[in-house]
Amino acid sequence: MNLFEGHGNREAKIRYLDGDFQILSPGSYVVCAMTGKQVPLDELRYWSVARQEPYADVISAIEADKRAGVLPNQRR
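The name given to the protein in an unreviewed UniProt entry is DUF2093 domain-containing protein, with the source organism recorded as Rhizobium chutanense.

**A word on the pattern of salt bridges**
This structure, assessed with the given rule, holds 3 salt bridges. Put simply, Glu 53 and Arg 51 hold a salt bridge, and the shortest N to O gap is 3.5 Å. The exposure class assigned to Arg 51 is partly exposed, which follows from its relative accessible area of 26%. A salt bridge links Lys 66 to Glu 63, with the shortest nitrogen-to-oxygen separation between them at 3.6 Å.

**A word on a nonpolar patch on the surface**
Residues Tyr 46, Val 58, Ile 59, Ile 62, Val 70 and Leu 71 make up a contiguous nonpolar surface patch of about 490 Å² in total accessible area. Sort the elements by how many residues they give to the nonpolar patch and helix 1 (residues 58-68) lands first, with 3 residues. Along the chain, the position of Ile 62 falls in helix 1.

Calculation rules
- Residues numbered from 1 in each chain as written.
- Predicted model: local features only at pLDDT ≥ 70, side-chain atom pairs only at ≥ 80, totals over all residues.
- Heavy atoms only, no water.
- Salt bridge = Lys/Arg side-chain N within 4 Å of Asp/Glu carboxyl O.
- Buried < 20%, exposed > 50% of the residue type's maximum accessible area, 1.4 Å probe, protein only.
- Patch = residues over 30% accessible without salt bridge, like charges linked within 9 Å, V, L, I, M, F, W, Y side chains within 5 Å.
- Areas by Shrake-Rupley, 256 points an atom, 1.4 Å probe, with all protein chains shown as cover.
- Helix = DSSP H or I, 4+ residues; strand = E, 2+ residues; numbered from the N terminus.

Following this line, the structure appears as structure tokens:
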């Protein structure tokens, strides 16, 4: 059985680590902290260890860093 199968369509509880994550409570997805979009665990690539938040994509991760003051707000 696949690691992500058999846990139904419910939100997983995750501890985000450097380059990895630990499943604390089984589920099939997490919710992006910026967009509210469900992100299947097998597609999860972006998160913040410091804020313990998942992101749906790189754009969401960068925007979260800007909001947190980690990156400057740059205008084009």
